[in-house]
Amino acid sequence: MRRLCAVALGSMVLFAPFAARLSSAAPPGSTPAPPAMPRSAGPSPGSAARGARAADLVLRGGAVYTMDAARSWAESIAIRKDTIVYAGPDAGIAPYVGPRTRVVNLGGRMVLPAFQDAHIHPISGGIGQRQCALYDQKTKEEYVAAVAAYAKQHPEAAWIRGDGWSLAAFSPSGVPDRRLLDAVVSDRPVYLESSDGHSAWVNSKALSIAKVGKDTPDPAGGRIDRDPKTGEPVGGLQDSAMGLVSSHAPPYTDAERLEGLRYAVKMLNGLGITSIQDASVQADSLEAYRALDEQGGLTLRVVASLWWERDKGDEQIAGFLDQRRKYTRGHVRATTVKIMQDGVMEVQTAAMLQDYKGKPGVKGLTMVEPEALKKYVTRLDKEGFQLHFHAIGDAAIRECLDACEAARRANGPRDSRHHISHLEIFHPSDIPRFRALGVVANFQPLWAYADDYIVKLTLPFLEPERARWLYPIGSLYRSGAVIAFGSDWSVSSANPLEELETAVTRMGAGGETKEPFIPEERINLPEALAAFTINAAYVNFQEGRTGSIEAGKLADLIVLDHNLFTIKPEAISDTKVVLTLFGGQKVAGDLSLGGEGRAGLGMSR
Ligand SMILES: [Zn+2]
């Protein structure tokens, strides 16, 4: 099979990401240089066409890291309508400045292509911010106090719903206790999702409404946490067991989803993000995207991953085809299918090749039976869908790769750009398969440091030789795989600058840890920036239009208050996005760059 992959590689459409990976800082021993990315149409940097029509907006005097294939720097950018018409030295900008051109002096500030988040949940994240949000609390006691306060402030709420609690607060088991909630709310159901969205913490009232008791069997792909002596539910529900209770709560309304999305778009634009891949959508989310886009409020380019229901089979593919037809328009493309293949490490639901340390017989949960997965992925691949997998354990990662391999064998090599998200723990023999199969490694780099999740809930259950392969971003990079980054917000912060810092340092972006976690898996800044720009654009099939600052591309770009290349890596996350342009339009920040009245930062019309 390996030989077959090598043969297939020759005809793969691979140029963009490999070009994207090229950088002066590429480590020795990295894979041979691939063909360069074709240049965009339009005047090449530094050779402004004589007689060019004036631009609408000119940014000049900046440190523009273009993320083009050569990783070149520029000083000036000219934008006409939604498109970049020039990126090059200041010396070449004059032909683009006409009497009506707005000229902004960047004062040496850094400009980057706008960030692209390859795995995020904007709608649920936005809704969550408007419920009982527990992201800012850290301990059980703080959670309980926040729930009590929320319940008091919302006497009208039939259900107390919220999210954001950390499994680490309940270490070492990660399992929460219903009695803590009963003590503050006993007359109404309480349903609180963990920050990673894989666990729920419920009170006794919620369990009784849902009729979940000691005789309720665990559903497929889920677990009801129980008292080992009595078998009674203790208040924790894992993965599909969450639905036993959540299905009894009133569904969110269209208005709530739209408001949640509106919140997320504004927040993401403010963080410099203008493109995303929504990691799980169903029909109601697609409607929210459509509605906001029709109102002109969707200042994001969105690829929507259609949610694969794991208790159904390929009969759901017809519905995906309808949704792709109906919702691929405007700024939205419903061209991807998301399959969740396992759970999470912290509660031992991630699917592992070997038993968790100290837990004989426990290997986690495989969500889709591997042979069925091959069949479904082959079908979806044939229909032209991109696959977006959730895989955390080494067994789940292998099963997803096997499915991609089966699809390739059946359908032939295709420009499919399937990608696997999360990628927490690898068997090292699977690392080279990403490049061989053209599968993109979609990491959430903010997780790759020794936080409580790793130290208290993961390392105790892995032998050291297995733990060496936690989030091996550097190894994947050196193998020649395409690396893309996403936040998984609202699981984690959506701020790409925090994620970039952790990718480079393998330490907490807030200074939580002082030692890099598996330091050989760090990557350098150009590689990390590529993962959040041109490579994420590649995952979204839009690297021809976005992801770098080149003439002919859309003017999706950001201005930062510091040059990331001239500050210490530990300061990357302190950097602020001061301006975000989406198709040439300002969607966050201020074109005066906060410099009104200051010499050298003025603008003219
Ligand atoms: Zn996710």
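Reading the values: the criteria
- Here, residues in each chain are numbered from 1, in the same order as that chain's written sequence.
- Side-chain atom pairs in this predicted model are given and counted only at pLDDT of 80 or more, local residue features only at pLDDT of at least 70, and totals for whole chains, interfaces and linings cover all residues.
- Where side-chain values are given, they derive from all heavy atoms of the structure, hydrogens and water being excluded.
- Each residue is placed in one exposure class: buried if its accessible area under a 1.4 Å probe, protein chains only, is under 20% of its type's maximum, exposed if it is over 50%, and partly exposed if it falls in between.
- Only runs of H or I of at least four residues qualify as helices and only runs of E of at least two qualify as strands under DSSP, and these elements are numbered from the N terminus.
- What the arc describes is the spread of directions from the helix axis to the C-beta atoms.
- Two residues qualify as a contact provided that any one of their heavy atoms is within 4.5 Å of a heavy atom in the partner residue.
- In this listing, donors mean N, O and S atoms no farther than 2.8 Å from the metal, or 3.2 Å for Na, K and Ca; water is missing from the atoms, so a site can look incomplete.
- Strand pairing requires that DSSP identify at least two bridges connecting the strands.
- Only the stretch in contact is used when a helix axis is fitted, and all axes are lines through C-alpha atoms; the angle between N-to-C directions ranges over 0 to 180 degrees.
- For any pair of crossing helices, the crossing counts as left-handed if the nearer helix is rotated counterclockwise from the farther one by less than a right angle, and right-handed if it is rotated clockwise.
- Residues are grouped as follows: Ala, Val, Leu, Ile, Met, Phe, Trp, Tyr, Cys and Pro are nonpolar; Asp, Glu, Lys and Arg are charged; every other residue, Gly included, is polar.
- Comment on the angle field: the value is read as roughly parallel under 35 degrees, roughly antiparallel over 145, roughly perpendicular from 65 to 115, and oblique elsewhere.
- Working definition: rings of Phe, Tyr and Trp (its six-membered ring) pair if their centres are within 6.5 Å, and the pair is stacked with planes under 30 degrees apart, edge-to-face with planes over 60 apart, and tilted otherwise.
- Geometrically, a charge over a ring is one whose NZ (Lys) or CZ (Arg) sits within 6 Å of the ring centre while staying within 35 degrees of the ring normal.

**Describing helix 10 (residues 317-327)**
So, point 1. Turning to helix 10, its buried residues number three or more, namely I317, F320, L321, Q323 and Y327. Viewed end-on, helix 10 has its buried residues packed into an arc of 165 degrees, placing them on one side of the element.
So, point 2. Looking at the packing, one finds that the buried side of helix 10 touches helix 9 (283-294), strand 16 (301-307), strand 17 (332-340) and helix 11 (370-382).

**Focus: the coordination of the zinc ion**
So, point 1. In this structure, H119 (NE2), H121 (NE2) and D488 (OD) serve as the protein donors to the zinc ion, at separations of 2.1 Å.
So, point 2. All donors of the zinc ion come from a single chain, and their spacing in sequence reads H-x1-H-x366-D. Highlighted residues: H121 in the loop between strand 8 (115-120) and helix 3 (122-128) and D488 in the loop between strand 21 (483-485) and helix 17 (496-505), separated in sequence by 367 residues. Of the two residues, H121 and D488, both sit in the buried class.

**Structural notes on the sheet that holds strand 21**
So, point 1. Read across the sheet, eight strands follow the order 8-15-16-17-18-19-20-21 without closing on themselves; strand pairing throughout is parallel. At either end of the open sheet lies a strand with only one pairing partner, and these are strand 8 and strand 21. Taken pair by pair, the neighbouring strands of this sheet meet at an average axis angle of 25 degrees, ignoring direction.
So, point 2. Pairing geometry for strand 8 and strand 15 (residues 273-281), over four bridges, is parallel. In the sheet register, D117 faces strand 15, and the bridge partner there is I276.
So, point 3. Across the sheet, helix 11 touches strand 17 and strand 18 (386-391), and the angle it forms with strand 18 is around 150 degrees.

**Things to note about the environment of L237**
So, point 1. Assignment of secondary structure puts L237 in strand 14 (residues 233-239).
So, point 2. Assessed through its relative accessible area of 0%, L237 is described here as buried.
So, point 3. Remark: the alpha-carbon pair of L237 and V175, spanning 62 residues in sequence, is separated by 8.5 Å.
So, point 4. If we skip the residues at most four places from it in the chain, L237 touches H198, S199, A200, V202, R223, I224, D225, M242 and V245.

**Some thoughts on the packing of helix 8 (residues 254-270) against helix 9**
So, point 1. It is at 9 Å that the axes of helix 8 and helix 9 come closest, and there the two elements cross at 60 degrees. For the pair helix 8 and helix 9, the crossing hand works out as right-handed. Within the contact between the two elements, helix 8 uses R257, L258, L261, R262 and V265 and helix 9 uses D284, S285, A288, Y289, A291 and L292.
So, point 2. Residue classes in the contact of helix 8 with helix 9 are distributed as seven nonpolar, one polar and three charged.

**A look at the packing of helix 11 against helix 12 (residues 394-411)**
So, point 1. Axis separation between helix 11 and helix 12 bottoms out at 8 Å; the angle between their running directions is 50 degrees. Between helix 11 and helix 12, the angle is such that the two are oblique. Relative to helix 12, helix 11 is oriented so that their crossing is right-handed. The segment helix 11 lies against helix 12, with P370, L373, K374, V377, T378, D381 and K382 engaging E399, C400, D402, A403, C404, A406, A407, A410 and N411.

**Some words on the packing of aromatic side chains**
So, point 1. Applying the stated criterion across every chain yields a total of 16 aromatic pairs.
So, point 2. Here F170 and W201 contribute two aromatic rings whose centre-to-centre distance is 5.1 Å and whose plane-to-plane angle is 75 degrees, an arrangement assigned as edge-to-face. One end of the pair, F170, is in the loop between strand 10 (160-165) and helix 5 (178-182); the other, W201, is in strand 12 (residues 199-202), with 31 residues separating them in the sequence. A single burial state applies to F170 and to W201, both of which are buried.
So, point 3. Taking the centre distance of 6.4 Å and the plane angle of 75 degrees together, the rings of F320 and F385 count as edge-to-face. Of this pair, F320 sits in helix 10 while F385 sits in the loop between helix 11 and strand 18, and the two are 65 residues apart along the sequence.
So, point 4. Taken together, Y143, W165, F170 and W201 form an aromatic cluster joined through their ring pairs.
So, point 5. The ring of Y252 has R161 lying over it, and the distance from NZ or CZ to the ring centre is 4.3 Å.
So, point 6. A cation sits over an aromatic face here: R324 above F385, 4.1 Å from the ring centre.

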